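Listed here are the chains, written in short residue letters.
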Amino acid sequence: MKTFERRAITLVVASGVAFSAVGARLWYLQVQRGHYYAGLQRADYERSLPVMAPRGKMVTADGVTVATSQPSWTLYYLKPPTPMPRSELVKVASVLGVSSHTVAKSMEAESKILQPWDPIPVWAGLSPRQMTNVQVNAGNLPNLRVAAVPERYYPYGSLMGNIIGYISQPTIDTTAGSSGLELQYQKYLAGSAGGQRAVVNSLGQLVGFTGRGAAKPGDTLHLTINWRLEKVAQRALAYNIKAMDQSSGYVGYAPKANAGGVIAINPQNGKILALASYPSYNPQKLVPNNPRQRDGYLQQLDQNPARPFEIRPIMGRYAPGSTFKPLMATAALASKVITPTGTIFDPGYFPPIPTFHNWYPNGFGRLNIEQAIGLSDDVFFYTLGYRMGIQVMDHWMRAFQLNHLTGIDLPGEVRSLIPTPARLMQSQHTSWTPGWNLDTVIGQGISQYTMIALARADAAVANGGTLYQPHLVSSLTTPGGKVVKRFHSVVQGKIQLPHWIWSTVHKGQELSAQGANIAHTGFSGTGYPTLQGFPVSLASKTGTAQKSGRYNNAFFMTYGPMAPSNSKPTILILCYIHNGNWGANSGYVARAIYDQYFKVADPAAKAAFQRTFGPRWKWPFGYHAGA
């Protein structure tokens, strides 16, 4: 009896242990690993076809769509994790007109970022011919289906290309910006992906669909940029550089000119009206629907010594030459080292340090500050820099926030490097001497500023002291037009100075643009030859920035309108051409933009342009109603 009881107890315990083990296994399989096995079970009869969200549009202030999405078609393999049979792989490759190795390599890359049961993209961006071949051979390709996907489309190619940016290789359900506005506003442009469930039979063949989750398109970016101004800015920059390069024998000849940038900004609110960088690139060639074309074009761009990926107005640092003088004129008047009626004599060199010469070696004689700005007199400004010293100049460079990023809504902005004794010692192991004050006041020496930081500072001079944050986007809306976000003008600082200081500097720059014979010297303002005959009253300042090598960098800054006297300038333009030699010669880019902005046919421009570059060069700009 005791033996029977022991056996019964042993059996009960063993049964309990067995049931516990089975229960634990069931718990492990159904609870802890339930999701995984449910996925495998669903993979036996369901396939998830992604529905990618269309990226949001980019629309200019005058209503032109510069980036959008259009339908494209992708071929999917519906039977993972089972590998595609070799015979089917060969058949698919033949239908697509590519090698089986290429198809296998593409599928292998895609499968690495997917769940085991997700359909694998076989080929993206099917051409019309490939679509036809797939449809004709559909009966022989039971494990494959075509699905529509949105593809990025840039209708204007390289116009504004490196400002818009491009997108990276998409994942199964989303795209991401890689540069420019595409990267800056990624979270708004991307949208939200949807999906479609496909039912397949035991052979993996499509039976039907069980449901669909709608994709949510990305938001629309409304830009501050005016498309007509942008188009002119980009084309005029390229045309001006070409004229410089090919005008041998004429004053504008600069054979090493090969790159540049231009900014047009409203100084009353910081809105960017046009922003161009040359050379640019065509983001349409980087749309990831043709890997071989994309990779080849990326390699070509990477090897271009002119660096087309660089947005020069925000990523480059430059010594701006004499375009810096209006800022230092403001500093000198504010710090009382000169008055509007005070004069300085220019003998052609700076007497305390005679090795510093004026650009006109005979000198202009006695000038006041307005005349000195108009003639861009170096000796006058050497004297101001000598009197102010680096501490005073440093104070005003910081007041104009040249030591801070502007915060423009583009990725990659770099910080300007203002000249200081500490930086000179660090970079060149040299102590600061009075000569460095002279270099600093005329925008030379170790001065290194971005165009966007200079444009913000110059805009503050134009508007009477307000530093606005530059920006390219005015609002975001849903595809249906509902406002998601508005971007208002942001004041980053105010320079409180008497009106007469700003007025004095304005008058000096008006002389630069409009003075035909300043101080009876027989010399016009340095910007006058470029803007001569333009019917709108303007201000300007040229900059010929010396650098190592044979050719100088060319800068031109201008704003307007300046008349009537109580008008507020609504556009400021800053141009830069690498190796452009003479600052005034880059100003034709600004004149072309002015033609469009002020709606001027501008018959006088042709003569001015041909005096600089020769008779073979036409003036292809000028405003035409309805253009």
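To be clear, the structure that these remarks concern was listed above.
A brief look at the structure comes next. Residue numbering note: each chain is counted from 1, following its sequence as written. For a predicted model such as this one, the threshold for reporting local features is a pLDDT of at least 70, and the threshold for listing and counting side-chain atom pairs is 80 or more; totals across whole chains, interfaces and linings nevertheless cover every residue. To obtain the side-chain values, all non-hydrogen atoms of the structure were used and water was disregarded.

**Overview of the overall build of the protein**
- Secondary structure elements follow DSSP: runs of H or I no shorter than four residues count as helices, runs of E no shorter than two count as strands, and numbering proceeds from the N terminus. The secondary structure content of the protein amounts to 21 helices and 19 strands.
- Here a residue-residue contact requires only that any non-hydrogen atoms of the pair lie within 4.5 Å. Within the protein, contacts between residues separated by at least 24 positions form 70% of all contacts whose residues are at least 6 apart in sequence.
- The accessible surface values rely on the Shrake-Rupley method and a 1.4 Å probe; as for residues, cover is taken only from the protein chains in view. Accessible surface, the protein as shown: approximately 27300 Å² in total, 54% of it carbon and sulfur.

**Brief notes about the pairing of strand β14 (residues 473-477)**
- The cut-offs for exposure are 20% and 50% of the maximum accessible area for each residue type, with area from a 1.4 Å probe on protein chains only; residues under the lower value are buried, those over the upper are exposed, and the others partly exposed. Counting buried residues along β14, four of its five residues qualify, which places the element largely inside the surrounding structure.
- The sheet contact formed by strand β8 (residues 220-223) and β14 spans four bridges and is antiparallel. Counterpart to His222 in the pairing with β14 is Ser475.
- Note that β14 and strand β15 (residues 483-486) share three bridges and pair antiparallel. Among the inter-strand pairings, Thr477 is bridged to a residue of β15, identified as Val483.
- Whether two strands pair depends on DSSP finding at least two bridges between them. The hairpin formed by β14 and β15 contains five residues between the paired strands, and Gly481 there has a positive phi angle of roughly 105 degrees.

**Topic: the sheet that holds strand β10 (residues 272-278)**
- One open sheet accounts for five strands, arranged β10-β9-β19-β18-β17; its pairing is antiparallel. In this open sheet, the two strands that pair with only one neighbour each are β10 and β17 (539-545). When the angles between neighbouring strand axes are averaged without regard to direction, this sheet yields 5 degrees.
- The pairing of strand β9 (residues 259-265) with strand β19 (residues 571-578) spans seven bridges and is classified as antiparallel. Bridging from a neighbouring strand, Ile265 pairs with Leu572 of β19.
- The strands touched by helix α9 (residues 227-245) are β9, β10 and β19; relative to β10, the strand with the most contacts, the crossing angle is about 35 degrees.
- Contacting β17 and β18 (553-560), helix α18 (residues 499-514) crosses the sheet at an angle of about 75 degrees to β17. Here an angle of 0 to 180 degrees is reported between the N-to-C directions of two axes, which are lines fitted to C-alpha atoms, with helices fitted over the stretch in contact.

**Things to note about the packing of aromatic side chains**
- Pairing of aromatic rings covers Phe, Tyr and Trp, the last counted by its six-membered ring, and requires centre-to-centre distances within 6.5 Å; plane angles under 30 degrees mean stacked, over 60 mean edge-to-face, and any other angle means tilted. A full pass over the atoms with the stated rule returns 34 aromatic pairs.
- Note on Tyr588 and Trp619: the rings are 6.3 Å apart at their centroids and 65 degrees apart in plane angle, and the pair reads as edge-to-face. Separated by 31 residues along the polypeptide, Tyr588 in helix α20 (residues 587-597) and Trp619 in the segment after α21 (605-613) bring together distant segments of the chain. Of the two residues, Tyr588 and Trp619, both sit in the buried class.
- Look at Tyr597 and Phe598: their rings are 5.0 Å apart centre to centre, the planes differ by 90 degrees, and that puts the pair in the edge-to-face class.
- What makes Tyr597 partly exposed here is its relative accessible area of 27%.
- One aromatic cluster in this structure is built from Tyr239, Tyr588, Phe609, Phe613, Trp617, Trp619 and Phe621.

**Concerning the environment of Lys105**
- One can find Lys105 in helix α4 (residues 100-111).
- Sequence spacing of Lys105 and Val122 is 17 residues, and the spatial spacing of their C-alpha atoms is 9.5 Å.

**A closer look at the pattern of salt bridges**
- Think of a salt bridge as a Lys or Arg side-chain nitrogen and an Asp or Glu carboxyl oxygen that are within 4 Å of each other. Within the structure shown, the criterion is met by six salt bridges.
- Here Asp378 makes a salt bridge to Lys325, at a shortest N to O gap of 2.7 Å. Here the residue Asp378 occupies a position in helix α14 (residues 378-399), and Lys325 occupies one in helix α12 (residues 325-334), the gap between them amounting to 53 residues.
- A salt bridge links Arg591 to Asp602, with the shortest nitrogen-to-oxygen separation between them at 2.8 Å. Of the two residues, Arg591 sits in helix α20 while Asp602 sits in the loop between α20 and α21, which places them 11 residues apart along the sequence.
- Linked by salt bridges that have partners in common, Arg55, Arg152 and Glu182 make up one network.

**A look at the nonpolar core**
- Judged by nonpolar contacts, the single largest core of 96 residues is most densely connected at Ile272, Phe380, Phe381, Leu384, Met397, Phe400 and Leu402.
- Among residues more than four places away in sequence, those in contact with Leu402 are Phe324, Leu327, Met397, Ser416, Ile418, Tyr449, Ala453, Leu454 and Ala457.
- Nonpolar core, defined: a set of buried Ala, Val, Leu, Ile, Met, Phe, Trp, Tyr and Cys residues in which side-chain atoms within 4.5 Å join the residues together. Counting 40 residues, the second largest nonpolar core, distinct from the first, contains Leu229, Ala243, Leu538 and Phe609.

**Things to note about the packing of α12 against α14**
- Across the interface, α12 lies against α14 with an axial gap of 9 Å and an inter-helix angle of 75 degrees. The orientation of α12 relative to α14 falls into the category roughly perpendicular. Residues Lys325, Met328, Ala329, Ala331, Ala332 and Ala334 of α12 lie in contact with α14, whose contacting residues are Asp378, Phe381, Leu384, Met388, Met393, Trp396 and Met397.
- The classification used treats Ala, Val, Leu, Ile, Met, Phe, Trp, Tyr, Cys and Pro as nonpolar, Asp, Glu, Lys and Arg as charged, and all other residues, Gly among them, as polar. Partitioning the contact of α12 with α14 into residue classes produces 11 nonpolar, no polar and two charged. When describing relative orientation, an angle under 35 degrees is termed roughly parallel and one over 145 degrees roughly antiparallel, while 65 to 115 degrees is termed roughly perpendicular and anything else oblique.

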